[in-house]
Amino acid sequence: MADNQSANIQALLSALNVFTRAPDKTSLENANSWLQDFQHSPEAWSTCNVLLLSPDAPPAAKLFAAQTFRSKVTYDLHQVDPSNLLPLRDTLVTALERYQSGPKTIITQLCLALSGLALQLPAWDNALQSIVETFGANPVTVPVLLQFLTILPEEVSGNTRIPVTDDEYRERSTKLLSDNSEQVLELLSMYLQATGRSIYLIAKRHWLQNSAGVTHVVQSQIFDCLRSWLVAGEIDMPAFGKSPLLAFAFEALASEELFDSAVDVVCEMIHETQEIDDNMPVIELIVPRVIALKSQLEDKKDDPEKIRGYAKIFAEAGETYRLLILQHTDTFYPIVEAIGQCSAYPDLDIVPITFPFWMRLAQTIGKKTTISPLFGEAYKALMQVVIRHLHFPPDLASITGQEADNFRSFRHVMGDTLKDCCLVLGADACLLSAYGLITTALSRSPQSISWQEIEAPLFAMRSMGAEVDVMDETAVPKIMDLIPSLPIHPRVRYAALLIISRYTEWINRHPDYIAYQLQYISAGFEDPDSEVSAAAGQALKYLCQDCKQHLIEFLPTLHTFLTTTGAKLAQDDRRQVYEAIAYVISAMSMEKAAESLRTFSLDILSQIHAISSKTTAVTKQELKEVGYGLENLEVMLHVVGPFGDQLPAACQNSCQEAWSIFDTFISKFAFDYDTSERVTRVLRHGITLFGESALLVASSVLSRMVTSFEATGFSSFLWISGKFVGRFGHESDPVLRNAFQNIYERATNKVVSLLQSKDPRDIPDVLEDYVQLLLQLIRMAPDVFFQSSAFPLAFRATMAALTLIHSDLVFASLDLFRDILTHESLTPSSSPPPKFPIYSSAIKAVMEKEGFEFVGYMLSGLVGDFPEDSTAIVVTIFRAVALLWSTQLVAWLPPILQQLPPSSAPNQVKRQFLLDVTNSLNTAQYDKVKYSILALHRASRKARDRRRVTPLNQV
């Protein structure tokens, strides 16, 4: 036994030693895996006990031993004989005494282990009191006691991995926490009251002397402990109000060393008084002390960290007591003023601390019929403050790119606070206020105006636009009239264009402004700043989307704009123009819409035809431009959508004409990946647009797609083929059925060929689109799917997809196997449809050959990397296998389970699973297979979670 333990220790030390070097990745992973497996073993208890108490053990080994005790108390307490549980407690307490002077990491791990043990060990009746007696009687061990008292409520309340029932948890948490909260309050109070040479401790009536006094370190620990119990909700607030802890927490804010800890405690004590009626006596003690802190905002204005702490306190008080603020404004309004001062602070990392208060107060005010005018003044001041914060720095070169990005993101957060101002003050008043800032600035000489003065109120107007009434006749007309007279500056024009985007619903109700806005947008496209041009595209898109009925008359102008200026635009902007035009087309009558769509589409199709007909070499740029055209056509078709079952006259022959152009184009440029992606997306929208008319070209399309896939291996050709099968799979036309079979067999052969030369991980897109094609075939054309010689190959190719960590692909593959193994043809029937016996025979033949490997993939994925939500599908599949192949399944399972790694499926769990499934099959209780699968999955997830949380790399 001793030799075995010595060997374990040496092996463990060797594994830990790997982390002290700079090892290769394989050595690191092997060492980590060995240590994790060791932690799971029963031998780890005794080995780690020896290491922990050995004075000669390396520090890393001692820490690992302490971590292991914590881990095993959480997961493996069942390995300990019940008679040895109390001795285990004594072992941990002894170790904690040994490490009373540190290191803190080991103390923390041992306290976590003792806390977890206390929750699971009812026989340890007086857990907290016994720890107080052991460590509270000696001032040297006071920090250890405080660490345990801090960790206990956190571990009991937060460690959901500890295996106790709800009833056991309620009983033990009450015994450990609720029943001891008063004693903890008394204990912490006595520590904090100790001064000078005397520390008076209540710990079994021991009176102690400590010449060192109470250090700031211990006081900080006391606050951390108090906060832990407050967060756990275990402190009785009326009792807390009578203790000296409340006053001392506020007094400690004057201490540099205790400030952060005191802030946390004050915030938590305020939060715990949120049940206003039950806690008024305590609130009456807290609020005057909070208000008294207001003067510190001026005194400490040059110390951002202090202001941050005070902002947290004021914001917490404001949120918690907002009803009292409204009911007793004279008393509580100083809190609002203090929060307003924090909001105005120049450090933008501190300002957002106050935003939740303003939001919740505004929501509460919105429910009131009358409020004090003071709140209106507060929100007016807040709006001015936020707009001031919105100003970009005078010199943009003074900030880094990341800082600029962060500031832009934060502006949108501030924009939400402006909406809160609208809720209190009204959108009109807020807009007019921002409008006034701009007009005041414009009244000065142009040389004295900075662009920031104009841009910030414009941004504010944009943010508040969501609150504007589309029938507004007061503020918005002034803003719309102002836009054309704004200074010509890229940032100003950008902001103004985005205002147009925001107010397009209002413009729809006031169409007289459309012509002016179109002029301003057109000028934006000519701006050399790419962001301005992009904003112009966005403005045009939303204007056309919301005002499409009014813009029909402008469509020829937009077409001219595209043919003249469109080529100069960046592609992103050009695409937005096409999208905008599509919205206008969608508002036209069907015949006119078809004619307009044809006009704009022919511009693009002629470009495609031209490059396909070119006899000389095509440049990359030419192909790129055609790709842009395909993107533009795609977005137009997406917006316009289908015309219905009866195509307008302008579209009667368009399908065949368009396909003849695309067919030639694909035959020539299929090898360009981007082009294949774009052209197949256009074809997808073509199916939607032409509907049944696309049936005329479906066989030709499928033929071209499978030829292209064979040549290139690009998944997009499979993807679009699946869409055609899904749309026309119900058709009985023999030519089309042959086309389905042709693509099924040729695509399967190509996929099999790819899998022979490539790892499945290298072609996830191909596998996903292939499986989606198979799903369409089995659902729409089962006669093709099951009767083809490709079926066994398709089954095997889909199994390869189960090995990938790719949620969409795994779900699609599982759906396919479920459809196969639960197909109606497998259900006994006295008069089955004529082809069902053929289908059934094909399925059974495949399972006889592939069943063993298939079940292996299923179970490996279940305990491995299958998505969490896939378990229900696995259960359905496994039940079908158990029902139809029960004899084979009993023979398959032992070797399959043997192959599953113990790290994700512990041996005991596998043995239980095999026993449960075998019993279910032998007794023909196939529904019970479900519970076996679910139990295996739960146990596997627990094992994997444990390996993820084990902090070995910290050693």
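Residues numbered from 1 in each chain as written. Predicted model: local features only at pLDDT ≥ 70, side-chain atom pairs only at ≥ 80, totals over all residues. Heavy atoms only, no water.

Looking at an unreviewed UniProt entry, one finds the protein chain named Armadillo-type protein, with Suillus plorans as its source organism.

Colleague: How would you explain unusual backbone geometry if you had to name every residue and give the values?
Modeller: In this structure, the amide linkage connecting glycine 102 to the following residue, proline 103, adopts the cis form with an omega of 0°. Relative to the elements of secondary structure, proline 103 occurs in the loop between α5 (85–98) and α6 (104–120). (Helix = DSSP H or I, 4+ residues; strand = E, 2+ residues; numbered from the N terminus.)

Colleague: Quick rundown of the UniProt feature "domain: Importin N-terminal" (unreviewed entry) in the protein chain? Include the residues and the values.
Modeller: Following the UniProt record, one finds the feature "domain: Importin N-terminal" (unreviewed entry) at residues 31–98. In residues 31–98, the share of helix is 75% and the share of strand is 0%. The end C-alpha atoms are 29 Å apart. (UniProt positions renumbered as here; feature names shortened; annotations may be inferred.)

Colleague: Could you give an account of the packing of aromatic side chains, with specific residues and numbers?
Modeller: One pass over the full model with this rule turns up 27 aromatic pairs. Aromatic pair phenylalanine 259 and tyrosine 310: ring centres 5.4 Å apart, planes at 75°, arrangement edge-to-face. In this pair, phenylalanine 259 is assigned in helix α14 (residues 259–271) and tyrosine 310 in helix α17 (residues 304–320), connecting sequence segments 51 residues apart. No difference in accessibility class separates phenylalanine 259 from tyrosine 310, as the two residues are buried. Ring geometry for phenylalanine 836 and tyrosine 839: centres 5.8 Å apart, planes at 40°, overall tilted. Taken together, the residues span about one helical turn, with phenylalanine 836 and tyrosine 839 both in helix α44 (residues 836–862) at a distance of 3 residues. The class of phenylalanine 836 is buried, set by a relative accessible area of 17%. The exposure class of tyrosine 839 is buried, given its relative accessible area of 5%. Here the aromatic residues Tyr744, Phe785, Phe786, Phe791, Phe795, Phe817, Phe836, Tyr839 and Phe854 are joined through ring pairs into a cluster of three or more. (Phe/Tyr/Trp six-rings, centres within 6.5 Å; stacked < 30°, edge-to-face > 60°. Buried < 20%, exposed > 50% of the residue type's maximum accessible area, 1.4 Å probe, protein only.)

Colleague: Kindly report on the environment of valine 266, identifying the contributing residues and their values.
Modeller: Within the secondary structure, valine 266 sits in helix α14. Under the relative-accessibility criterion, valine 266 is labelled buried at 0%. Linking valine 266 and serine 343, residues 77 residues apart in sequence, is a C-alpha distance of 20 Å. Setting aside anything within four residues of it in sequence, one finds valine 266 in contact with Ala249, Phe250 and Ile313. (Contact = heavy atoms within 4.5 Å.)

Colleague: An account of the nonpolar core is needed here, citing residue identities and associated values.
Modeller: Core analysis: the biggest nonpolar cluster contains 332 residues, and Met269, Phe662, Ile820, Phe854 and Leu859 have the highest contact counts within it. In terms of residue count, α44 provides more of this core than any other element does, 11 residues in total. Phenylalanine 662 has contacts with Leu605, Ile608, Leu630, Leu633, Val679, Val682 and Leu683, leaving out every residue within four places of it along the chain. (Core = buried A, V, L, I, M, F, W, Y, C linked by side-chain atoms within 4.5 Å.)

Colleague: Help me get a handle on the side chain of arginine 462, residues and values and all.
Modeller: In this structure, arginine 462 sits in helix α24 (residues 451–464). Buried within the structure, arginine 462 lacks any salt-bridge partner; glutamate 455 is the closest side chain of opposite charge, at an N-O distance of 6.8 Å. Those residues in contact with arginine 462, other than ones at most four positions away along the chain, are His412, Leu498, Ile499 and Arg502. (Lys, Arg positive; Asp, Glu negative; His and termini not counted. Salt bridge = Lys/Arg side-chain N within 4 Å of Asp/Glu carboxyl O.)

Colleague: Which residues make up a negative patch on the surface, and what are the values?
Modeller: Taken together, the side chains of Glu154, Asp224, Asp260 and Asp264 present a region of like negative charge at the surface. Looking at the element boundaries, aspartate 264 is found in helix α14. (Patch = residues over 30% accessible without salt bridge, like charges linked within 9 Å, V, L, I, M, F, W, Y side chains within 5 Å. Areas by Shrake-Rupley, 256 points an atom, 1.4 Å probe, with all protein chains shown as cover. Charge placed at Lys NZ, Arg CZ, Asp CG, Glu CD.)

Colleague: Tell me about helix α19 (residues 329–343), and please be specific about residues and values.
Modeller: Spanning 15 residues, α19 covers 20 Å between terminal C-alpha atoms, matching the ideal 21 Å at 1.5 Å per step. Among the residues making up α19, those that are buried are Thr329, Phe332, Tyr333, Ile335, Val336, Ala338, Ile339, Cys342 and Ser343. (Expected span 1.5 Å × (residues − 1).)

Colleague: I'd like to hear about the packing of helix α22 (residues 401–425) against α24, residue by residue, with values.
Modeller: The interhelical angle for the contact between α22 and α24, taken along N-to-C directions, is 65°, at an axis separation of 8 Å. Seen from above, α22 lies across α24 with right-handed handedness. Where α22 abuts α24, its residues Arg411, His412, Gly415, Leu418, Lys419 and Cys422 lie against Glu455, Ala456, Phe459, Ala460, Arg462, Ser463 and Met464. (Axes fitted to C-alpha atoms, helices over the stretch in contact; angles between N-to-C directions. Left-handed = near helix turned anticlockwise from the far one by under 90°.)

Colleague: Before we move on, could you go through the pattern of salt bridges and cite the residues and values that matter?
Modeller: Evaluation of the coordinates by the stated rule reveals 38 salt bridges. Between glutamate 337 and lysine 294 there is a salt bridge, with its nearest N and O atoms 2.7 Å apart. Of this pair, glutamate 337 sits in helix α19 while lysine 294 is found in the loop between α15 (280–292) and α16 (296–299), placing the two residues 43 residues apart along the sequence. Looking at lysine 294, the relative accessible area reads 23%, which means it is partly exposed. Taking the shortest distance from any N to any O, the salt bridge between glutamate 868 and arginine 941 comes out at 2.9 Å. One end of the pair, glutamate 868, is in the loop between α44 and α45 (871–884); the other, arginine 941, is in helix α48 (residues 929–949), and 73 residues separate them in sequence. Classification of glutamate 868 as partly exposed rests on a relative accessible area of 40%.

Colleague: An account of the environment of arginine 360 is requested, with residue identities and associated values reported.
Modeller: Looking at where arginine 360 falls in the secondary structure, it is placed in helix α20 (residues 355–365). Residue arginine 360 is classed as partly exposed on the basis of its relative accessible area, which comes to 30%. The spatial distance from the C-alpha of arginine 360 to the C-alpha of aspartate 420 is 8.7 Å, given a sequence separation of 60 residues. Excluding its chain neighbours within four sequence positions, the residues that come into contact with arginine 360 are Glu319 and Arg322.

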